[in-house]
Structures are given as structure tokens and as C-alpha cells.
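Here's the letter readout for the chains.
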Amino acid sequence: MTESQPTPQTVKDDQKVHGVVAEFTDVDSLLAACRRVRDAGYTKADAFTPFPVHGIDTALGIKPTVLPWIALAAGLTGTTIALVMQTWMNGIDYQYIISGKPFISLPAFIPVTFELTILLASFGTFFGMWALNGLPKFSNPMFTSPRFDRATDDTFFLFLDAKDARFDEAGAKALLSELGGEFVEPVVEDETSKVIPKGLLIGLATIIFLSFIPALAVLRMRVTKSGSPRFHIFPDMDFSPSKDAQQTTTLFADGRAMRPDVPGTVRRGDLDWDVNFKTGIDMEQLATIDAPRAAQLVALQDDVAVDEDDEVAEADAASEESAPAADETGDNTPWLTQNPLELSDEVLARGQQQFNIYCSVCHGMNGRGNGLVNRRAQKILATTWTPPSNMHDPTLYADVYPDGKLFSTITNGIRKMPGYASQIKAKDRWAVVAYVRALQASQNASLEDVPEGKRSEIEKEQADVQAQLKAAEEATADSAEESSEASSDENSEASSDENNE
Amino acid sequence: MSHKAVAIKPADDPAFQLPASLAGLSLPMIIVGIVALVGGAFFASSSVGGRFGMSSYLVAYMYCLTLAIGSLFFVLIQYLSRAGWSVVVRRIAELMMIMVIPLALLFIPIAVAAYSGSLYTWSVEGYQADHGIPLAIWEQKEKWLNPNWFLVRSLVYLGVWCGIAAWYYRGSQQQDETGEITITEKLQARSGPAVIAFALCTSFAAFDWVMSLAPMWFSTMFGVYIFTGSILSAHCAICLFSFLLQRAGALRDEVTVEHYHDLGKYIFGFICFWGYISFSQYMLIWYANIPEETHWFFTRSSDGWFNVSVFLMIFHWGLPLFGTMSRHVRRRPWLISSWAAYILVLHLVDLYWIIIPEAGVGLGGATGIISTLICVLGMVALMLGLMLKLAAGSRVLAVRDPRLGESLAFENF
């Protein structure tokens, strides 16, 4: 082997010295040298061995890596991104019910969170390692030494970096020889050309150019029209054999693709067959007065498949119920006089919401019967229109028009008003009843209805308002003459605006 | 991969003997253990209820059994992977795994309970009718869950475990005397089939002994869940026992920071594994939301059990995950041993959470928890006493294992 050993390299004048390297023949002498170098105060030194050597980190004074912290930070970032992303996407931005789970449902988020944590931790570790090692690095000055190839075979190297504050070429060389290093030599810059080969550049440019083509093709498709049918990458996903809503089918005799419920189907949570709750009638009492009708109503509730006769009967019942409340003799139904719901702010809020959605269009937000539909009907002088009731009419108060009857009216409808049983759930209908009662009370309340503690507040408010009204009245009286001129100006302006339009 | 030459002490070095201070504890511990075990179970039965008393006994039994079979798996996997690092702590695991033999005797009360119907509801007369389970389904269930067939299977599991444990224990002990390398080779060669037999027995035993407490519930993940707890707690126990042995004066030079570091890595890994497995089991059942599957978790997410579930999530997974994540913790023997002791306690909470809800008396109240604790401590003391007795008669390190040198010189990167 000795005959083929290259001689130590020498430094030319124009070359930069990166450091000094020395060879060692065995691990122990290398480790001893490392310790001495560390103790001498060198911090930028490196050792090269053909195999991993335990304890070389401490011998060289290399501190434990910060890579675990990078991995932890990246992993936690992944956790955060995943949770925030899913919360935003599924919980806020595009709420979509999946498997009946809540929109923000932590257990369902965990798999993605786990995956993203692992992914980012891996990326953090991988690229963090690159960053810490200064990769990618295509060449290292160490490779300029021909002897250095044996670092992967049977020789150990110790390198002192010129960047070290203590570095001094002669001193470093002396130290390494003193420590038993052989072939102590300076490490110089690589002299080979740094110009990237032309072939490589052309290849790179070609790849970059080609990579634009798919994007350009997509862009072109986005802005042009084509006579030929679209290309379907996944035809079975684009043309699902399953039927959409409202489509027809040949599979069933009635041709409907959307299948009606199987007779007897009960929705989950709808098994509470409380007949009183669903009709607003005290059935036990009705059974004593009018047994056949009670039996019929109970049967109606039990039997989901309503046949024609039953519907007629129901219509009869509805018409009977729709008789004016004043006509006491026509309606002997034992209506529930009390709302079966436990009244609370929540129930009233729910009732208000449902009332505003379904009832206020005709009855008006305040229940005075002048909703938008009514106003429109009057404007176009609709001949078949029956104006909606005023909720504040004394005939609709709880004492003459019981809660159960009001509930039944909402359920089955009256005059022009359709039944709302299919739109509003029974519970919500009762909530609407409760809200209507609250509305009625609000329009007819006296000071006695207000709790003791709050009366003084109300009185104060009342006094304030009256004072303000009085002041406003006086003000208008004082400025009546001035304002008459001003208002005539305004009027003329307004009319001129209209003319312009 | 080490250049470090390590001198192996002679086989009769006092460092390999159980310290006298520990050997003397053997008999008192056995006596106290038996008294506490019987007393705790009796106290639980009389104060809370018969089924609860048997459930407490099952908690204690499963606690020691999971440690024993976890150690058995540890030993098997070291032979299977021809691991060198673990030789210095393998004898501790061997002493724990051989405890399946006394545990096989301690199975008798459970077998009796299976016949008398005082533990498993499926062996109670009229269970099907009382719970409105369709007869056709129950007839199929009964083909598997009936006392006789249950006993046969249990004997098979215990037989397989005891057989494997005894064979590996004897082989390792023989090598202490002869130093034959062929013994290691033989043990290695059989470790593959042994692991397969172990896996099947463990999984089915978990189904039979624990999962069948709720006879109409099933989870294919459950066997792995029990196994996870056992392998995690086994690593913790090995770590803790090594530390205690060293504190008592044995193995001072043999078990080094490097071994604690490796055990710590496994503890950390199996904490993740426990979280992964228990969450997977929960997730699939929660998502599918099929009534016959969800009731097990429903029980554990209502009443006081919900708090225990959250407690486990935070303190069995979250806290130790971050606690054992750092290299600095794992390279400090007293710190990682403290975490090991902590997880051993949490493993008990885990088993309590698995077993006790099926007794149908809620959390069991203060008396229930204390009596279960007495029962568990009794069983643990009994096992420790037997282990110390056994260890006093042999050595606490496999002194002539061919890989001992490698293990002594073991270093992490």
C-alpha cells in the first residue's frame, strides 16, 4: 500500500487554506487527540472515521443536537394546523353534517391531526437535519486531499477548521503532529471549475419549460369553448348510477326515485306518542264526551298511513274547530288550557324565532294581523283574501281561546291559513303558542304585572318618555312657523328630484 | 459497535446475588400479600357487593397477569430479535414472567366464579331473558360463552404461557451454570412459534376473561388493548425493579444509563402505542355509532366514569407522553424510574376502568376503591414475595449469556 500513497499536498499562493487535517491509525489515538484539541480550546474541529465511534461527540466537545426540538416544534405546528384547519373548514366555513356528528367534533379530527403531526415532525426532522448540516452541499474542501478517500476505509482523520478563533496554521500543524497525527497537511480550496455544465443547464431549463405545459393546458381549457364532450377522468364518479332527488325510475311502479317512508316508519326520537301533546286536546276528557271522535284521533296518531276517510274526518274536525270561538255551542272540545311545555326563556326565544319565520308574514311581527302578505293582498285588492286574525283581539285570549285550540289551529290551519304540522315540530308549535301568549300579554300589560323590584325602573322610564314627549311637543309648537317654510322647501326639492327621475 | 472493552465479572460475584435486605422481605411479603388479597376481596364483596368483590379480584389478577405476560413477551422478543442490549435486565423480566405459574393457581377463584355466576353475567341463569337479548343470538353466544368451554380455553392459555415461561426460564438458568451457547440458539429458534402462540393466547384470554364481562359487546381491538397495557407496564416494571435492585446494592456496574435510556425509549413508544390503540378502538365504535357496540363506551362516558375516562386520557397518555419524550429524562435513572412507577399506577386505573363498570355498581365508592386497592396490593406483594424467594435462590443477572459483553458495553448513539 505504501508505494501508492500520495504525498501531502502543498499550498499555492492564491489558494485559501480551510484548515489542517491529520491522519490517525486507530480509534484510541484519535479519541485522545480529540480530547486534547477540545481541551486546547478548539471549538471548530471535526473528526472523520470509517465507522461510528462512541463518545466522539464528548471527546470533540460537540453539544447535543437541537434537532429534537425542531422535530417537536414542527410536530406541534402540525397538530395546530390540523385542528385549526378542520375546525375552520367543517365547523365554520362549510358546515356539513357527516354521520350525524357535531360540526366541531374532536374525535373525528384526531386521525387527520395525528397524520399531520407525524408528517410535519418528519419534515421538520428531515429538513432540519439538512439545515443543521448545511445541506445540500455539493463539495467539501476535504475532498481535495487524495488521502481523504481512505476515511471510508481504514483511516481516521482529525480536522481543525481555519474559522476557529484560535487557528494558526503553524500552531495547528505543530499540535496535530504532537498528538500523534501523521501526514499533517493543509486543506485547500477545490480548484475544479465551479461552472455548471451546459448540458445540465439545458436539461434543467427543458424540465422547467415542460412543467408549464400541463398548467397552460388547464388554463387554456378554462378560457375556451369546445364542441367536443368533456373528457371524464373518473366517469363512474361523474355519472353515478344512483338517482338524484326528483328523478324518475323504472324500478318502481309509481316511477318515483325518492321512496316514501315505509308505512309505520318512525323517526328517531319521535316515539313519544303523547296524543295530548300532538293534538292539543285532553283525550281522556274527550273520550267521556265524544268517544268516537277521541278514538278516531288516537287512531290517527297511531296510524301513520292515513287513508282517505280519515283525512275527510280530520278536515271535518278542523272545520268544526275553525268555528268562531265566540260560538261556544259549536265547540265542546276539551282543549288543553295549559301549555305542556315548561316555559323558559329558551322556549320563548324558540317560539319567537318560529313565529317570526312562519307566522309573521301574515300576522305581522307584533301579531296585529298586518304582515307583509296581508299588506300586499290589500294593495292588489285580492278578492279571495281573508285577512289574518289580530292576535290581540279579545276573542283570541287564553280564557276564550285555549292554548290547545291555538295549537290545533297552527297544526291544522283555519280559513285561508294552512296547517303547519309538516313544517313546524309539535314542540315548536307549543313554543309558538307560548310566544303568542307572551305577545298578547305584552300589549295589555299593566304595572301590576311587573315584578315589585322593577316597577320603579319602569315608572322612571315612563316619566322620562313623557317628559321627552312634552318637550318635543313644545318644540314643535314653537318652531311651527319656521319649520313650515323649511318643510315646504324640502317638499319642493323632493318633488324636483322625482321629476328628474 | 463499540470499541470499549468491558470486563465481565465472575459468575459468583456478589453483585449478581439478591441483596440480603431484599431476600429477607420475601416471607413477610408473601404472608402480608395473601392476607391483604383475601381480606381486600372479602371486604369488597361484603361492603359493596359480591360481583364487585370478584371484579376487584379480577382487577388484581389482571394487574399481575399483564405484568407477567408482558415480561414473557419481552423475553421472547429479545430472543426473536437476537437483541444484545437487554441481557443485563432480562433476568428481571424472567423472574416476572415465571409468575404466570402461581398466577395459574390464582385463576381458580375466577374459574369457580364462572360456574357460580358471581363474576360473568353470561353465566347467570336468565341473563338473556332479563336483558331482552334475542334467543337466536344468545344461542350462538352460548356456544362460546359457557363455563365448561371457558374453563377449557382458560387452561389452554395458562398452559401455553406457563409452558413457554418455564422453558425459557429453565434454559436461561441452565446457561448460568454451563454457559452453553447452544442453549441461546435453541431458545432463539423456538421464539418465533412461541410468539405466535403467545399472541393468540393473550388476545383470546383478553376476550374471554375481560371483554366477556360485557357479553354482548365486542371489539376485535380489545386483545391488542390489553396486550398494550401489559407490554407497557412490563417495561416500566423492568425499569423500576432494576433501579430498586441497584439502590439495594446489586448490579451496580451492569445496568447503566444506556439501558435506562433504551427502556425509557420503549416506555415512551408504548405510551404512544397505548394512546393509539385505545383511541382507535374508541374512534371506530364512536364513528360507526352502532347501538350494540357503543354501550361499552356509553357506560364509560356517563356518570363518574366520564371523569375517569378523561383522567386516563390526560394522565395515562398526555402527561407521560411529554414527560418521557426528552432524552434528558430518559438518561436519568431515578427520573425515568419515577415515570415507570407512575405509569404502573395508571395501568391499575386503566384496568379498573375496563373491569369495574361491568360490575354495575358505578365507581364503587370510597370503600370499593380502597378494598380493590388492598386486593391489588396484596396480589402484588404476594408476587413480589415469590419473586424475591426465587431470586434469592438464583442470580439477578444472566451471568453466562453469550451476549452479556455486548450488553455491558452497550451505548446509545
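Keep in mind that what you see is a predicted model, and the values were worked out from it rather than measured.

Q: Lay out the overall build of chain B with the relevant residues and their values.
A: Looking only at helices and strands, chain B has 18 helices and zero strands in total. Across the 413 residues of chain B, 55% fall into the buried class. In chain B, 83% of the contacts between residues at least 6 apart in sequence involve partners at least 24 apart. Within the structure as shown, chain B displays about 16800 Å² of accessible surface, and the carbon and sulfur contribution to it stands at 69%.

Q: Outline the overall build of chain A, supporting the account with residue identities and numerical values.
A: A tally of regular secondary structure across chain A gives 17 helices and six strands. Residues classed as buried in chain A amount to 28% of the 501 residues present. For chain A, the accessible surface area stands at approximately 34000 Å², while carbon and sulfur atoms represent 58% of it.

Q: Summarise helix 10 (residues 181-210) of chain B; cite the residues concerned and give the values.
A: The end-to-end C-alpha distance of helix 10 of chain B is 40 Å, a good match for the 44 Å that 30 residues give at a rise of 1.5 Å each. Where helix 10 of chain B bends most, at Ser-191 of chain B, the angle is about 40°, and the proline Pro-193 of chain B comes one to four residues later.

Q: Hey, could you go over the interface of chain A and chain B for me, with residue numbers and the actual values?
A: With 18 residues of chain A at the interface, the matching set in chain B holds 15 residues. Note on chain A versus chain B: buried area summed over both sides is about 1400 Å², and carbon and sulfur give 74% of it. Looking at the side of chain A facing chain B, the largest losses of area belong to His-54, Lys-101 and Pro-107 of chain A, adding up to 44% of the total buried there. Between chain A and chain B we count zero salt bridges in total. Counting every contact that joins chain A to chain B gives one residue pair in polar contact (both at pLDDT 80 or more). At five residues, the largest contribution of residues to the side of chain A that touches chain B is made by helix 4 (residues 106-133) of chain A. Residues of the side of chain A that touches chain B, tallied by class, amount to twelve nonpolar, four polar and two charged.

Q: I'd like a rundown of the packing of aromatic side chains, residues and numbers included.
A: Residues and elements named next belong to chain B. Enumeration according to the criterion identifies 50 aromatic pairs over all chains in this entry. Note on Phe-222 and Tyr-225: the rings are 6.1 Å apart at their centroids and 65° apart in plane angle, and the pair reads as edge-to-face. Of the two residues, Phe-222 and Tyr-225 are both situated in helix 11 (residues 222-248); the distance of three residues between them amounts to about one turn of the helix. Exposure class is identical for Phe-222 and Tyr-225. Each is buried.

Q: Account for the packing of helix 3 (residues 50-80) of chain B against helix 10 of chain B, naming residues and giving values.
A: How two helices sit against one another is set out by the angle between their axes and by the gap between those axes. Residue and element names in this part refer to chain B. Viewed as axis vectors pointing N to C, helix 3 and helix 10 meet at an angle of 155°, and their least axial separation amounts to 8 Å. With respect to each other, helix 3 and helix 10 are oriented roughly antiparallel. Classified by chirality, the crossing of helix 10 by helix 3 is left-handed. Every residue of helix 10 that contacts helix 3 at Leu-58, Tyr-61, Met-62, Leu-65, Ile-69, Leu-72, Phe-73, Leu-76, Tyr-79 and Leu-80 is listed here: Thr-184, Leu-187, Gln-188, Ser-191, Gly-192, Ala-194, Val-195, Phe-198, Thr-202, Trp-209 and Val-210.

Q: Now, about the pairing of strand 1 (residues 17-24) of chain A: what can you tell me, with residues and values included?
A: Residue and element names in this part refer to chain A. The buried fraction of strand 1 is high, at six of eight residues. Two strands pair when backbone bridges link them, and strand 1 and strand 4 (residues 182-188) are joined in this way by five bridges, in the antiparallel orientation. Bridge pairing links Val-17 to Val-188 in strand 4. Strand direction decides the pairing type here: strand 1 and strand 3 (residues 156-161), joined by six bridges, are antiparallel. Residue pairing for strand 3: Glu-23 is matched across the bridge by Phe-157.

Q: Account for the nonpolar core, naming residues and giving values.
A: By size, the foremost hydrophobic cluster in this structure holds 138 residues, and its most contacted members are Tyr-61, Met-62, Tyr-120, Trp-161, Trp-209, Phe-222 and Ile-354 of chain B. If one sorts the elements of this core by residue count, helix 3 of chain B sits on top with 20 residues. Apart from the residues within four sequence positions on either side, Tyr-120 of chain B is in contact with Arg-51, Leu-58, Ile-110, Ala-114, Phe-150, Asp-208, Trp-209, Ser-212 and Leu-213 of chain B. Phe-24, Val-27, Val-53 and Phe-156 of chain A belong to the second-largest nonpolar core, a separate cluster that totals 24 residues.

Q: Tell me what's going on with the confidence of the model for chain B, and back it up with residues and numbers.
A: Put simply, chain B has an average pLDDT of 91, and 99% of its residues get 70 or more. Overall fold confidence (pTM) sits at 0.68, and the ipTM for the predicted complex is 0.83.

Q: Can you tell me about a positive patch on the surface, naming the residues and giving the values?
A: A cluster of basic residues, Lys-16, Lys-44, Lys-137 and Lys-163 of chain A, forms a positive patch at the surface. By secondary structure assignment, the location of Lys-16 of chain A is in the segment before strand 1.

Q: Requested: an account of helix 6 (residues 108-116) of chain B, with residues and values cited.
A: Residue and element names in this part refer to chain B. The set of residues buried in helix 6 consists of Ile-110, Ala-111, Ala-113 and Ala-114. Looking straight down helix 6, one finds that the buried residues subtend no more than 160° of arc, so they occupy a single side. Projecting away from the buried face of helix 6 at angles above 90 degrees are the exposed residues Ile-108 and Val-112. Looking at the buried positions of helix 6, the neighbouring elements they touch are helix 3 and helix 9 (147-178).

Q: Describe the packing of helix 3 of chain B against helix 11 of chain B, naming the residues involved and giving the relevant values.
A: Residues and elements named next belong to chain B. Relative to each other, helix 3 and helix 11 sit at 80°, their axes nearing to 7 Å. Classified by the angle between their axes, helix 3 and helix 11 sit roughly perpendicular to one another. On helix 11, the residues that touch Met-62, Thr-66, Leu-67, Ile-69, Gly-70, Ser-71, Phe-73 and Phe-74 of helix 3 are Ile-226, Phe-227, Ser-230, Ile-231, Ser-233, Ala-234, His-235, Ala-237 and Ile-238. Across the contact of helix 3 with helix 11, the residue classes tally to eleven nonpolar, six polar and no charged.

Q: Give a description of the environment of Ile-8 of chain B that names residues and reports values.
A: Residue and element names in this part refer to chain B. With respect to the element layout, Ile-8 can be found in the segment before helix 1 (20-23). Between the C-alpha atom of Ile-8 and that of Gly-405, which follows or precedes it by 397 residues, the distance is 6.7 Å. Discounting chain neighbours no more than four positions away, the residues touching Ile-8 are Leu-404, Gly-405 and Leu-408.

Q: Lay out the sheet that holds strand 1 of chain A with the relevant residues and their values.
A: Residues and elements named next belong to chain A. Across the sheet, which stays open at both edges, the four strands sit in the order 2-3-1-4 with antiparallel pairing between neighbours. Single-partner strands in this sheet number two, and they are strand 2 (45-48) and strand 4. On average, adjacent strands in this sheet sit at an angle of 20° to one another, irrespective of strand direction. Contacts from helix 1 (residues 27-39) reach strand 1, strand 2 and strand 3, with the element oriented near 15° to strand 3. Sitting on the sheet, helix 5 (residues 169-178) touches strand 1, strand 3 and strand 4, and the angle it makes with strand 1 is about 10°.

Q: Describe the pattern of salt bridges, listing the residues and the values that go with them.
A: Residue and element names in this part refer to chain B. One pass over the full model with this rule turns up 19 salt bridges over all chains. Linking Arg-395 and Glu-177 is a salt bridge whose minimum nitrogen-to-oxygen distance equals 3.5 Å. Taken together, the residues span a long stretch of sequence, with Arg-395 in the loop between helix 17 (365-393) and helix 18 (404-408) and Glu-177 in helix 9 at a distance of 218 residues. Take Arg-395: its relative accessible area is 15%, and that puts it in the buried class.

Definitions and cut-offs
Residues numbered from 1 in each chain as written. Chains lettered and ligands numbered in written order. Predicted model: local features only at pLDDT ≥ 70, side-chain atom pairs only at ≥ 80, totals over all residues. Heavy atoms only, no water. Helix = DSSP H or I, 4+ residues; strand = E, 2+ residues; numbered from the N terminus. Buried < 20%, exposed > 50% of the residue type's maximum accessible area, 1.4 Å probe, protein only. Contact = heavy atoms within 4.5 Å. Areas by Shrake-Rupley, 256 points an atom, 1.4 Å probe, with all protein chains shown as cover. Expected span 1.5 Å × (residues − 1). Bend = angle between axes of the 7 residues up to and from the residue. Buried area = accessible area lost by both parts, 1.4 Å probe. Salt bridge = Lys/Arg side-chain N within 4 Å of Asp/Glu carboxyl O. Polar contact = N/O pair within 3.5 Å; in protein donor to acceptor, adjacent residues only side chain to side chain. Nonpolar A, V, L, I, M, F, W, Y, C, P; charged D, E, K, R; others polar. Phe/Tyr/Trp six-rings, centres within 6.5 Å; stacked < 30°, edge-to-face > 60°. Axes fitted to C-alpha atoms, helices over the stretch in contact; angles between N-to-C directions. Parallel < 35°, antiparallel > 145°, perpendicular 65-115°, else oblique. Left-handed = near helix turned anticlockwise from the far one by under 90°. Pairing = 2+ DSSP bridges. Core = buried A, V, L, I, M, F, W, Y, C linked by side-chain atoms within 4.5 Å. pLDDT = per-residue confidence, 0-100. Patch = residues over 30% accessible without salt bridge, like charges linked within 9 Å, V, L, I, M, F, W, Y side chains within 5 Å. Lys, Arg positive; Asp, Glu negative; His and termini not counted. Charge placed at Lys NZ, Arg CZ, Asp CG, Glu CD. Arc of directions from axis to C-beta.

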